[in-house]
Structure formats: structure tokens, C-alpha cells
There are 2 protein chains.
Amino acid sequence: MNNFKFQNPTKIIFGKGQIASLKDELPQDANILLLYGGGSIKRNGIYDQVISALGDRRVEEFGGIPANPEYAKLMEALAVIKARDITYILAVGGGSVIDGAKFLSAAALYEGDEPWDILTNNISTTKGMPFATVLTLPATGSEMNSGSVITRAETKEKLVMGGPGLFPAFSILDPEVIHSIPQRQLANGITDAFTHVLEQYMTYPMGAYLQDRLSESILQTLIEVAPKVMEDPTDYTAASNFMWSCTMALNGLISKGVPTDWAVHMMGHELTALYGIDHARTLAVIAPSHYTYNFEAKKEKLAQYGERVWNITEGSTEEKARAAIQRTEQFFHELGIDTKLSQYTDDYEGTAEEVAKRFTERGWKGLGEHQSLNPEDARKIVEMAY
Amino acid sequence: MNNFKFQNPTKIIFGKGQIASLKDELPQDANILLLYGGGSIKRNGIYDQVISALGDRRVEEFGGIPANPEYAKLMEALAVIKARDITYILAVGGGSVIDGAKFLSAAALYEGDEPWDILTNNISTTKGMPFATVLTLPATGSEMNSGSVITRAETKEKLVMGGPGLFPAFSILDPEVIHSIPQRQLANGITDAFTHVLEQYMTYPMGAYLQDRLSESILQTLIEVAPKVMEDPTDYTAASNFMWSCTMALNGLISKGVPTDWAVHMMGHELTALYGIDHARTLAVIAPSHYTYNFEAKKEKLAQYGERVWNITEGSTEEKARAAIQRTEQFFHELGIDTKLSQYTDDYEGTAEEVAKRFTERGWKGLGEHQSLNPEDARKIVEMAY
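These figures come from a predicted structure and were not determined experimentally.

*Asks:* Before we move on, could you go through the interface of chain B and chain A and cite the residues and values that matter?
*Replies:* With 41 residues of chain B at the contact, the number on the chain A side is 41 residues. Here chain B and chain A share four salt bridges between them. Between Glu25(A) and Lys5(B) there is a salt bridge; the shortest N-O distance is 3.7 Å. One can count 21 residue pairs in polar contact (both at pLDDT 80 or more) joining chain B with chain A. Counting only elements with at least two residues in the side of chain B that touches chain A, the list comes to strand E1 (4–14), helix H8 (209–231) and helix H9 (236–249) of chain B. It is H8(B) that provides the largest number of residues to the side of chain B that touches chain A, a total of twelve residues. Residues belonging to the side of chain B that touches chain A are distributed by class as follows: 19 nonpolar, 15 polar and seven charged.

And the structure:
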């Protein structure tokens, strides 16, 4: 087990009817910026629950945060924060809205001229404007971590930021919000959370027995509830386990003391940038190829995963590991998620070369848990995913 | 799954050589009370590591905190805090020293005349004097929670206290401290942590699939590393998994959204009070009888535990459940822990009646996850444990 530090101060308020607890959790004298996305919260009743709980606090609304939170749009929100003396940000939405709130939290107290520098200069935020979240779409885990991904269309950049000051003060997780989520987004959320665990687990044995089992617990739970969530999003037992699994998948706990990979995300991001494919679906496209290409390096963990998570008990280490990759791909298929790039675009020729080129342009030193994958490796992995 | 709130702000600093990080983690201008127990830290080198890391900070030492932290002794420490303008408490020890630090943290800022009122009046501490810990004995989980148990010999009381202000600011967990722990205490630590998980898990199915699996993960890990820790405490992989499992067993995570029991602890405490039996050993005495007595109420979870944790796959639910109780008792035996009261004292006759009497005297409303066990139930359970 590697040495590690772990701290996560976010307060989780979990369960039915908990949106009403905003009333008690938010400071009474806060001047609130209510940040949200495309407006679905006005159709599904969540907006009304939030407004009711806010009572007579001073609230400015800012909607329209897009699926990949865009810098230009967030700068408009920042102008509102400054003009209206906002003291507290309340993000009501999924990972994109929450990631946007984290940027605003940092930018509101940033003393430089250009908040984009926080991203380009890798500035860790130790103190941001306080913010909280009401999660409407389980998937990214952003509700209980301090990381954020921001997109800037103008320069075609998608950069990460974070810091110990960017944990939500609290996050409200009401599994009943799942009722109104479209099937496509439910499948995406399950796939996203599942792949988050794989990125922190599918490396090589490190003697971190507890962390391995915690990761396997989340994978097993997602597998158990996935068909139930897809079949009936009002199944509260399934919905609540789905929601808590998504949060636990990326709140920092399971990565402590172990190597992590994240190459699937790095390559997947480029497919979203090139073709606009949903983030989660790009992960499902890349993951099977990535694990097949890096088979020798990952086969022990693949076999362990196959045995413990998929109950694949027959065969050699290699046979179990191969079967585990196949079973993972089948799981994505059962969610209605295609796992080949050619199923998303006819224009896929040349994608592998383009990803390899961007690899160099972006200055990546090397991908994977050993940081050993080079542009040519990435080219081959993406080509295998055609 | 039940609704829940979860927040745990303690920073964990885990790994080899991490005691040295006290240098950076403690405020430079802190006036520190260094709190410890019987002095073993002076023999095993931990004291020297701590003193070296503290540098030129002002430090007062207070040793001699006993195994069940005693109010009178802690009041002496409180007098030092007041007389010497202490601003920060550093607990170097196991659960008793850490529990003592929590009492001092609360008492130092308590405005009433008599700090014992914090315990008798169930006063939740929202703000205490800052404190941190260097854990020298994995077992209780006190290093990452906000609860404390304090004993007062004068009145024969043993009471609990806590509150959101009583999380350690940080805790240093260096698995190498295990090298010098006596076998008896290693076995106690494993048993204590194992039983902590059982108390939060062995109830009835609640549809909390993730929490169940997280609990099973800790149990499986403790089972896997127990013989290795006992055989060779310098086995770092075993030691690190043991240490992290003990912390995760009682940091609040696995109890969220599920019913909890804690009857084993309630009855076990009385055996310690009556005969001075080590805390962990009283749990091993009571647990098998408790699960056998409450078999009908707990058999579904007992069978699930048998299947998933002990790989008991044959037989009916009842058969698996019975076998799971036997296997648990065998696990304690393999650790060298006796599971019958008569193995600890010849004077056991009448103990069951005495525990039942105390049940009433202490005003317990009812034990167990349904709060349904009455004094007569407790009498029968303890009698089964003779």
C-alpha cells in the first residue's frame, strides 16, 4: 500500500425529501446565486422544491450552464456574482453545473486579472466562495470531491482544476430525482461511475486489499442495480444504491494508497471533443481496447475483477482476465451503450492518428498507471476501438 | 435504505515515516499538550519521533492516561491545559488516549462548572480545542470519529460523549507502529474492529447493498490479514490493511442508511466493569450468544455474511446462518481469544442476573436494532455465554 493523505469535509444529506433541508443548511443571511443547467429542473419539480426551501433569502438565478461547462458562460455568471454581492453559490444539477460552481467558487475570490489562469497555471484553490449542491443526475461524483473540468470553446481547451478549498460545503442527494432522468442519461451515469472505479482499480496488485474490495463493492452494486434502475427509476432501493455508488466512486476514498490509470478518460475526452459523443459512451468505447492492449500489465487485476465481480471462476489468470473484459463490454451493451467508435460516427477513419497527434500537442508525458503509454500506444488503442 | 447525513472532516495521513509530518501539520505557534498512556511510546521509539517532529514548539507532557480513560486523571490534565495556556492537544496512543483527548478538547472550552455534566447531560460538543492524534494501536477507530467513552471510578460510571466539534483535526496512521504491539493487543484490536463492523451490519436486510458490501469488505480484509499480522507484525502489507480496516470500521461510513445494533458492546461493557476482562474479549464472549439468541431476527444477514464473507455456500438460510456464527467463534479462537465467560473467571455464576439488574438500573430502554431486548433477554444471552 502506498502512503496517502485523505480528507473530505463535504457533508452529505442523503434521502427522500431532503431538498427541503436547504432551509436549515444554508446560512440565513446568504446572498445566493442559484446555478442550474438547461431548465429540466423547472419541469421535474426540483426547482420548486429548492425555491420553497430557500424561503426569503436573497436569490439570483443563473441558468443555462451547458453539458461541458463553458468558460464564456461561466464568466457571465461571475459578473452576476460581482454585481450582486453574491456570498454563496447553490448548484442544482449534475456534474457540469457542479463543476461550473467550483470554477465560480474559485474565480469569485481569485485576485488575478484572468480567472482562466487558475486552469492554465494549475492554481490549487485553498479557499473559495462557499457553495453547496443539490444533485439531480448521479454520475460524476463531483458532489463530493474538489475537482472540476472546464471547457473553453474559444481555444478548444478542456482543463481540470481543483484544490482543498473546492469541496462542496454540503450536497443533497435525493434518490427520487432519478424518476425523471431519461434512459440515455441513466445509462450514461451508470457507465461513468463504473468506469471511474475501473480507472482507480484496474492497474496492478499493490497489496491494498481493503481498497480493492471497496472498489469491487461499488462495481458489484452498480451491476446489481443497473437493470433495476433502467427498468424502473422509481425503484427507490435501486435508485438510492445507484446514487450513493456514484458518489462513493469518486470521492477520493478508493484511490488512496493505490496507483490509478485515467488513460481511458484522457483518450475518451478527445472523442467527445472530436465527435460530441457523450462522455460516458467514449469511456465504454475506449475501456475494452485499453484493457486488451495493456493486457500483460493489467491481467492480474483483470482476473481478480473477473473472479470477484463477475464470478468468473474457471480457467487460467489469462482466461479469466480476457473473460472479464468481454463481460464488461457486454455490461455496457446491456445498458444500451455501444462500444465501438464506428457505431457513433461514419467518419472514424483517421481518429487514431488524430488522438496520437493531440497527445503530443497537449504535452502529455505518458498515460496510464506507469505513465508509459506514448502517442503510438494511444493510436493503436483507439484504432482497436473502431 | 434509510435517510442519512454523513460528514467526516478528519484528515488522515497514512503510511511509513509519516509521524515526521507533525512538523508541517501542527500550527507553528501552538502551545501543545502531549497526551499519552503508560509510557510504551518511550520504549518503542514513537515518543522520540514525535518530539523530533515537534521542533521548537512549546510542549507540555501529560502521560499516564489509563486503558479506560478516567475522569479524575483527565481533570489533572485539564488543570495543566488551563495553567499552561495550552492551545492544541496531541494524543499519542490508542483509543483510550484519543478518547481522553476528546474529553479534554470539549472540557477546555466548556463554560459550565463541572465538565462531567458534558457526559451526564449528553451535551454535544460543536466546538472543542483543536486536537490531533498519532495512532499507536489500531482497534477502536477513535482516530477518525467524534465519539469518546469516559470512565469515572468514583461513581462507577462509563459514559459516552461526542459531537461534530470532536473530530481530530488530523490523525497520523503509520502501520510500522504495529511492530512493537504485544500479541494480546493485536488480537484484541482485530477482534474489536471486526465486532465494530458486525454491530453495524448484523441486523436485517435494509436494501443498502453498497453499505453491506463495504462492511463485508472490511470483514474480509481483517480475516485475510489477521493471521499474517499475528505471525509477523513487520509484514507491512498486512499491517497497513489491518490499520486502515480498523479506521474504516468505525469512521461513520458503514452505518449510514442502515439500522445498527450495539447490544454486544452494551453487555460486553458490563463484563469489563465486573471482571476487568479486556474490552475486545468481552465482545467475543457476547457476540456468538447474542446472534444465536436473536437468530430469527438476524438469520438473513447472518446467512448473507456466511456466504459472502466465509464462503459458506451449502445449505438453507438457517444452516448458513448457524455455520456463520460457528465460523465467527472459530475466528476468535484462531486469534487466541476465548469466547466463554467461564474461561475468564471462575466466579461467573450470577453474572447474567447482575447484567439484567444493571440493564434496569442504567435505564436502558431496550437493546438491539429494534430496541426490543429487555433485561430478561440480556440475562439469557449472558447465561448462554457462560
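*Asks:* I'd love a proper account of the side chain of Ser142(B), names of residues and values included.
*Replies:* All names here are of chain B. You can see Ser 142 is positioned in the loop between strand E5 (131–135) and strand E6 (147–152). Of the polar contacts made by the side chain of Ser 142, one reaches the side chain of Asp 99; its length is 2.6 Å. Each residue touching Ser 142, except ones within four places of it in the same chain, is listed here: Gly 95, Ile 98, Asp 99, Lys 102, Gly 147 and Pro 168.

*Asks:* Can you break down the sheet that holds strand E5 (residues 131–135) of chain A residue by residue, with the values?
*Replies:* Pairing in this open sheet of twelve strands is mixed, and the strands run E3(A)-E2(A)-E4(A)-E5(A)-E8(A)-E1(A)-E1(B)-E8(B)-E5(B)-E4(B)-E2(B)-E3(B) from one edge to the other. Lying at the two open borders of the sheet, with one neighbouring strand each, are strand E3 (58–62) of chain A together with strand E3 (58–62) of chain B. Strand after strand, the sheet turns through a mean of 25 degrees between neighbouring axes, direction not considered. Contacting strand E2 (31–35), E3 and strand E4 (88–93) of chain A, helix H4 (residues 71–83) of chain A runs over the sheet at an angle of about 160 degrees to E3(A).

*Asks:* So what's going on with the packing of helix H7 (residues 183–201) of chain B against helix H10 (residues 263–275) of chain B? Residues and values would help.
*Replies:* Residue and element names in this part refer to chain B. Between H7 and H10, the shortest axis-to-axis distance is 9 Å and the interhelical angle comes to 135 degrees. Taken together, H7 and H10 sit at an angle that is classed as oblique. Of H10, the residues touching H7 (which contributes Asp 192, Thr 195, His 196 and Glu 199) are Ala 263, Val 264 and His 265.

*Asks:* Which residues make up the relation of the copies chain B and chain A, and what values go with them?
*Replies:* Its rotation angle being 180 degrees, the transformation that places chain B on chain A also includes 0.0 Å of axial translation and leaves an RMSD of 0.0 Å. Look at the turn and shift together and you get a two-fold axis relating the two. Residues of chain B ranked by C-alpha distance from the rotation axis are headed by Pro9(B), positioned 2.1 Å from it. By residue overlap, the copies meet face to face through one surface: 100% of the interface positions of chain B are interface positions in chain A.

Reading the values: rules and limits
- Residues numbered from 1 in each chain as written.
- Chains lettered and ligands numbered in written order.
- Predicted model: local features only at pLDDT ≥ 70, side-chain atom pairs only at ≥ 80, totals over all residues.
- Heavy atoms only, no water.
- Contact = heavy atoms within 4.5 Å.
- Salt bridge = Lys/Arg side-chain N within 4 Å of Asp/Glu carboxyl O.
- Polar contact = N/O pair within 3.5 Å; in protein donor to acceptor, adjacent residues only side chain to side chain.
- Helix = DSSP H or I, 4+ residues; strand = E, 2+ residues; numbered from the N terminus.
- Nonpolar A, V, L, I, M, F, W, Y, C, P; charged D, E, K, R; others polar.
- Pairing = 2+ DSSP bridges.
- Axes fitted to C-alpha atoms, helices over the stretch in contact; angles between N-to-C directions.
- Parallel < 35°, antiparallel > 145°, perpendicular 65-115°, else oblique.
- Least-squares fit on C-alpha atoms with pLDDT ≥ 70 in both.

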